[in-house]
Amino acid sequence: MPNDAEQPRRVTIDPDGPLLVEGPVEVVGDDGTVHASRRFAVAICTCRRSRTYPWCDTSHRRRVKPDGGRTRTAGHQETDTSS
């Protein structure tokens, strides 16, 4: 899928989540496999917990953070899981 120099792709970085990329896109995996999406935007997994990798399935929301057992929920509120 060639890039259009007139309209570059926009990539949005979320430090607690996926990379959001304006589509359509092709993602080349580390094994050379090409994953294509024709959607207007895609979320690319950066935590490698996704069951649909390289696409994000929000598995990053369920991980335990190293800051005392706190985890993020869907509403971005922290909950204490250390008890």
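What counts as what
Residues numbered from 1 in each chain as written. Predicted model: local features only at pLDDT ≥ 70, side-chain atom pairs only at ≥ 80, totals over all residues. Heavy atoms only, no water. Helix = DSSP H or I, 4+ residues; strand = E, 2+ residues; numbered from the N terminus. Buried < 20%, exposed > 50% of the residue type's maximum accessible area, 1.4 Å probe, protein only. Areas by Shrake-Rupley, 256 points an atom, 1.4 Å probe, with all protein chains shown as cover. Pairing = 2+ DSSP bridges. Axes fitted to C-alpha atoms, helices over the stretch in contact; angles between N-to-C directions. Salt bridge = Lys/Arg side-chain N within 4 Å of Asp/Glu carboxyl O. Polar contact = N/O pair within 3.5 Å; in protein donor to acceptor, adjacent residues only side chain to side chain.

Another point: the overall build of the protein chain. Within the protein chain, the secondary structure is distributed over zero helices and seven strands. Reading the helices (α) and strands (β) of the protein chain from amino to carboxyl end gives β-β-β-β-β-β-β. By the burial criterion, 20% of the 83 residues in the protein chain qualify as buried. Roughly 6300 Å² of accessible area belongs to the protein chain as shown, and the carbon and sulfur atoms make up 49% of that amount.

Next up on the list: the sheet that holds strand 5 (residues 41-44). Strand order in the open sheet formed by three strands is 1-2-5, with antiparallel pairing between adjacent strands. Of all strands in the sheet, those bounded by a partner on one side alone are strand 1 (11-13) and strand 5. In this sheet, adjacent strand axes meet at a mean angle of 20° when their direction is disregarded. Bridging between strand 1 and strand 2 (residues 19-22) involves three bridges; their strand directions are antiparallel. Looking at the pairing, Val11 lines up with Val21 of strand 2.

To continue, consider the pattern of salt bridges. Under the defined criterion, the tally for this structure stands at two salt bridges. Its salt-bridge partner being Asp30, residue Arg48 comes within 3.8 Å of it at the nearest N-O pair. Here Asp30 lies in the loop between strand 3 (25-28) and strand 4 (34-37) and Arg48 lies in the loop between strand 5 and strand 6 (70-72), a separation of 18 residues in the sequence. Like Arg48, the residue Asp30 is exposed in the burial classification.

Turning our eyes to something else, we now look at the side chain of Ser37. Within the secondary structure layout, Ser37 lies in strand 4. From its side chain, Ser37 meets the backbone nitrogen of Arg39 in a polar contact 3.3 Å long.

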